[in-house]
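# Coordinate inspection notes
Chain residues, written in single-letter form:
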Amino acid sequence: MTRRPRSSSRIALLSALLLAGLLATLVSGCAPGGDTGDWPAQIRAAPAVVRQAYAYAHDHPDVLKALPCYCGCGSIGHTSNYACYISGTDAEGQIVYDDHALACSICVDITLDAQRLLNEGHTLEEVRAQIDAKYSPFGPSNMPDAQ
């Protein structure tokens with residue numbers, strides 16, 4: 001009995017499918033961000049990049065509280081990029097999510113840029129400078145010190 005050699009294209013396809021499944025799992029509701037089952041339905045139903053940004057806000061509040069948003073949300077009381085995602089906690093200490101970032105690509109882009117830049121090894125100060133330079137043309141900062 002002779003064995004047929006495995007097709008390298010079959011192995012490559014299976015590897016690609018496994019990798020795609022792993023990436024989909026990481027970006028889906030299984031991503032960091034606490035128990036995503038606690039997220040409001042509209043956040044759970046949002047596109048993967050938006051869920052990724054909400055998860056990052058949940059897991060890295062100190063980062064996003066140090067970064068402004070330039071979408072004009074200061075007019076609704078937001079004081080940082082973090083406020084675009086989380087408005088506070090309720091009487092039981094549960095996080096209250098803000099739905100603003102669901103419909104704002106500038107908020108999400110700022111968050112994902114910060115995440116990427118920090119992962120590349122930039123300091124928070126460097127990230128802030130890059131965020132300010134890139135997004136200030138879109139509108140006023142929602143942080144008083146960036147005005």
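The following refers to the structure shown. (Residues numbered from 1 in each chain as written. Predicted model: local features only at pLDDT ≥ 70, side-chain atom pairs only at ≥ 80, totals over all residues. Heavy atoms only, no water.)

## Examining the overall build of the protein
Looking only at helices and strands, one finds 6 helices and 2 strands in the protein. The order of helices and strands in the protein, counted from the N terminus, is α-α-α-α-β-β-α-α. Sorting the 147 residues of the protein into buried and exposed places 34% on the buried side. Across the protein, the fraction of contacts at a sequence separation of at least 24, relative to all contacts at a separation of at least 6, is 56%. When the accessible surface of the protein is split by element, carbon and sulfur atoms take 58% of a total near 8,700 Å². (Helix = DSSP H or I, 4+ residues; strand = E, 2+ residues; numbered from the N terminus. Buried < 20%, exposed > 50% of the residue type's maximum accessible area, 1.4 Å probe, protein only. Contact = heavy atoms within 4.5 Å. Areas by Shrake-Rupley, 256 points an atom, 1.4 Å probe, with all protein chains shown as cover.)

## What to know about the nonpolar core
If you look at the biggest cluster of nonpolar residues, it comprises 32 residues, and the most contacted ones within it are Tyr54, Leu64 and Tyr85. Taken together, the elements giving at least two residues each to this core come down to α3 (48–59), α4 (61–65), α5 (105–119) and α6 (124–135). (Core = buried A, V, L, I, M, F, W, Y, C linked by side-chain atoms within 4.5 Å.)

## Considerations on the packing of aromatic side chains
Geometry of an aromatic ring pair is reported as the spacing of the ring centres plus the angle between the planes. Scanning the entire structure with this criterion turns up 4 aromatic pairs. Between tryptophan 39 and tyrosine 97, the ring centres sit 6.4 Å apart and the planes meet at 70°, which makes this aromatic pair edge-to-face. Here the residue tryptophan 39 occupies a position in the loop between α1 (8–27) and α2 (41–44), and tyrosine 97 occupies one in strand β2 (residues 95–97), the gap between them amounting to 58 residues. According to the relative accessible area criterion, tyrosine 97 is buried, its value standing at 15%. Consider the rings of tyrosine 135 and phenylalanine 138, whose centres lie 6.0 Å apart with planes at 40°: the pair is tilted. For tyrosine 135, a relative accessible area of 4% puts it in the buried group. Feature note: the residues Trp39, Tyr54, Tyr85 and Tyr97 constitute an aromatic cluster, connected by ring pairs. Over the ring of tyrosine 82 we find lysine 65, and its NZ or CZ is 5.0 Å from the ring centre. (Phe/Tyr/Trp six-rings, centres within 6.5 Å; stacked < 30°, edge-to-face > 60°. Lys NZ or Arg CZ within 6 Å of the ring centre and 35° of its normal.)

## A few points about the pattern of salt bridges
Taken as a whole, this structure holds 4 salt bridges when the rule is applied. Put simply, glutamate 120 and arginine 116 hold a salt bridge, and the shortest N to O gap is 3.4 Å. For arginine 116, a relative accessible area of 38% translates into the label partly exposed. (Salt bridge = Lys/Arg side-chain N within 4 Å of Asp/Glu carboxyl O.)

## A short note on the environment of serine 75
With respect to the helices, strands and loops of the structure, serine 75 is situated in the loop between α4 and β1 (86–89). Counting along the chain gives 67 residues from serine 75 to asparagine 142, while the straight-line C-alpha distance between them is 7.9 Å.

## Observations concerning the packing of α3 against α5
Following both chains from N to C, one finds α3 and α5 inclined at 65°, their axes separated by 9 Å at the closest point. Viewed along their axes, α3 and α5 adopt a mutual orientation that is roughly perpendicular. When you trace α3 past α5, the crossing you get is left-handed. Across the interface between the two elements, Val49, Val50, Gln52, Ala53 and Tyr56 from α3 touch Val108, Thr111, Leu112, Gln115 and Leu118 from α5. (Axes fitted to C-alpha atoms, helices over the stretch in contact; angles between N-to-C directions. Parallel < 35°, antiparallel > 145°, perpendicular 65-115°, else oblique. Left-handed = near helix turned anticlockwise from the far one by under 90°.)

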